[in-house]
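Listed below, chain by chain, are the residues.
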Number of protein chains: 2
Amino acid sequence: MEFNDKVPIYYQIKTVIYDQIIAGERQPGEKLPAVRQLAVSLTVNVNTVQRALSEMIAEGAIVSKRGKGNFVTEDTQVIETIKTQLITEHLSNLYEQLHRLNIDDQDIINALVTYIERRGNSDDNH
Amino acid sequence: MEFNDKVPIYYQIKTVIYDQIIAGERQPGEKLPAVRQLAVSLTVNVNTVQRALSEMIAEGAIVSKRGKGNFVTEDTQVIETIKTQLITEHLSNLYEQLHRLNIDDQDIINALVTYIERRGNSDDNH
DNA sequence: TAACGTGTACTAGCTTACTATTACACTATA
DNA sequence: TATAGTGTAATAGTAAGCTAGTACACGTTA
């Protein structure tokens, strides 16, 4: 996996797994790949994976069962809360950043709409 | 100044100064505060400021005159280009991140509109 | 010319993040 | 019971970012 060298790798791993859980790619109660397996597929050290998981365990999104594996929580309420937090955080970031560039509310919306339209028309969607 | 400990300080300084230039708070040709002064006001080391400025000099946004000071470029075309890049980058980030959460185009726009409306109604604007 | 305000460069030491490696604890199963 | 698969912990080494401190180069001005 490619990482942004401006942000700690363990933090980016955490973000990716959260995204997968929220997007429904990893269902509540589902077992995650073994830490050693995750480390290999992410081309990263086991300790780095462990650090990401530890924080998610502390936050209640992952449940760890020694000898068995790590599992996505079955508490969908926790997942919903995290989803809401993440979305608000992303919207807030965009808003703050464009506001800092002296762009007003309406222009922020217009810019997003235009961006999405252009993206829809171009061939390289993604 | 407060810094996000997930991103290098020099990089955050760079971002802040770019934002100021683009927002028009620092005009083309304007002299920046002395590096030692910036270091004090940002409560950061001179070397850290220098690192941020070096990159902006390399990118053509800042012009350094030894013994005189650092100045915002007078080439407004360079500033315009950076502005466009930054805006697109921020929009792209939001789009990618919300898409990863399995939110479609229309819902992304709706979410932003709702976010801005709520923000406008609340008292703590900022 | 002397003093001061500038940018720039270099060294040394500290902390955090990451890696590699080893070891240990628990569970399932042949 | 032995083996394999799992999570967890601890050590040691490397690299990047930051700080403190010192020194030097250039420009302005008294």
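Here the structure is a predicted model, which means the values were calculated and not measured.

This brings us to the environment of N45 of chain A. Tracing the sequence through the fold places N45 of chain A in the loop between α2 (35-41) and α3 (46-58). For the pair formed by N45 of chain A and Y10 of chain A, sequence separation is 35 residues and the distance between their alpha carbons is 9.9 Å.

Quick look at the interface of chain A and chain B now. In this complex, chain A contributes 33 residues to the contact, which on the side of chain B involves 33 residues. Overall, the association of chain A and chain B removes approximately 3,400 Å² of surface from exposure, summing both partners, and the carbon and sulfur fraction of that is 73%. On the chain A side of the contact with chain B, K6, L91 and L101 of chain A bury the most area, a combined 20% of that side's loss. Between the two partners, chain A and chain B, sit 4 salt bridges. Between R100 of chain A and D19 of chain B there is a salt bridge whose closest N-O contact spans 3.3 Å. Along the contact surface separating chain A from chain B lie 8 residue pairs in polar contact (both at pLDDT 80 or more). Broken down by element, the side of chain A that touches chain B gets its largest block of residues, 12 residues, from helix α4 (residues 76-100) of chain A. Counted by class, the side of chain A that touches chain B contains 21 nonpolar, 6 polar and 6 charged residues.

Residue and element names in this part refer to chain A. Domain assignment breaks chain A into domain 1 (9-74) and domain 2 (77-121). On a C-alpha basis, the centres of domain 1 and domain 2 stand 27 Å from each other. The interface is formed by 10 residues belonging to domain 1 together with 5 residues belonging to domain 2. Of the roughly 570 Å² buried between domain 1 and domain 2 on both sides combined, carbon and sulfur atoms contribute 85%. Broken down residue by residue, the surface that domain 1 buries against domain 2 is led by Y18, I22 and T73, which jointly contribute 60%.

All names here are of chain A. Here strand β2 (residues 69-72) shows no split at all, with G69 and F71 on one side and N70 and V72 on the other all buried. Pairing analysis gives 4 bridges linking strand β1 (residues 62-65) to β2, with the strands arranged antiparallel. Bridged to I62 within β2 is V72. Linking β1 to β2, which pair antiparallel, is a turn of 3 residues; within it G67 sits at a positive phi near 85 degrees.

Moving on, we get to the protein's contact with DNA strand D. In the vicinity of DNA strand D there are 23 residues, among which R36, Q50 and S64 of chain A together with I9 and T48 of chain B approach most closely. A share of 68% is what sugar and phosphate atoms reach among the atoms of DNA strand D within 4 Å of the protein. One of the side-chain N or O atoms of R51 of chain B is found 3.0 Å from a phosphate oxygen in DNA strand D. Elements represented by at least two residues in the surface near DNA strand D include exactly α2, α3 and β2 of chain A together with α1 (9-23) and α3 (46-58) of chain B. In terms of residue count, the dominant contributor to the surface near DNA strand D is α3 of chain B (3 residues). Looking at side-chain class alone, the surface near DNA strand D contains 6 nonpolar, 10 polar and 7 charged residues.

On to the protein's contact with DNA strand C, then. Within the structure, DNA strand C sits among 23 residues, and I9, N47 and T48 of chain A together with Q50 and S64 of chain B are positioned closest to it. For DNA strand C, the backbone portion of the atoms within 4 Å of the protein, that is sugar and phosphate, comes to 68%. Within the contact set of DNA strand C, a base nitrogen lies 3.1 Å away from a side-chain nitrogen or oxygen of N47 of chain B. In the environment of DNA strand C, a base nitrogen lies 3.1 Å from a nitrogen or oxygen atom belonging to the backbone of G67 of chain B.

Okay, the UniProt feature "domain: HTH gntR-type" (unreviewed entry) in chain A next. According to UniProt, the positions carrying the feature "domain: HTH gntR-type" (unreviewed entry) are residues 7-75 of chain A. Overall, residues 7-75 of chain A shows 49% helix and 12% strand. The separation of its end C-alpha atoms is 29 Å.

Turning next to helix α5 (residues 105-121) of chain A. Helical periodicity: at 3.6 residues per turn, an α-helix aligns residues three or four positions apart in one direction. All names here are of chain A. Along its 17 residues, α5 runs 25 Å from first to last C-alpha, staying within 8% of the 24 Å computed at 1.5 Å per residue. Residues I108, I109, L112, Y115, I116 and R119 constitute the buried set of α5. All buried residues of α5 fall inside an arc of 125 degrees around its axis, so they share one side. Summarising the geometry of α5, the exposed residues directed more than 90 degrees from the buried face are R118 and N121.

The rules behind the values
Every residue gets a number counted from 1 within its own chain, in the order that chain's sequence is written. Labels are handed out in written order, letters beginning with A for the chains and numbers beginning with 1 for the ligands. Where totals are concerned, whole chains, interfaces and linings use all residues; where local detail is concerned, this predicted model gives features only for residues with pLDDT of at least 70, and gives and counts side-chain atom pairs only at 80 or more. Each side-chain value is derived from all of the structure's non-hydrogen atoms; neither hydrogens nor water enter the calculation. Where helices and strands are cited, they refer to DSSP runs of H or I of at least four residues and of E of at least two residues respectively, numbered from the N terminus. Should any heavy atoms of two residues lie within 4.5 Å, those residues are counted as being in contact. Two parts placed together each lose some accessible area under a 1.4 Å probe, and the buried area is that loss summed for both. When a carboxyl oxygen of Asp or Glu lies within 4 Å of a side-chain nitrogen of Lys or Arg, that pair is called a salt bridge. Whenever two N or O atoms come within 3.5 Å, that pair is a polar contact, provided that in protein one can donate a hydrogen and the other can accept it, and provided that, for residues adjacent in sequence, both atoms are side-chain atoms. Note on residue categories: nonpolar means Ala, Val, Leu, Ile, Met, Phe, Trp, Tyr, Cys or Pro, charged means Asp, Glu, Lys or Arg, and polar means any other residue, Gly included. The domain limits used here are those given by an automatic or database domain assignment. Burial classification: accessible surface area is computed with a 1.4 Å probe over protein chains only, and a residue below 20% of its type maximum counts as buried, one above 50% as exposed, and the rest as partly exposed. If DSSP finds at least two bridges between two strands, the strands pair. It suffices for a single heavy atom of a residue to lie within 4 Å of a molecule or strand for the residue to be listed as near it. UniProt positions are given in the numbering used here, feature names are shortened, and annotations may be inferred rather than shown by experiment. Take the residue count of a helix, subtract one, and multiply by 1.5 Å to get its expected span. The directions from the helix axis to the C-beta atoms form the arc being described.

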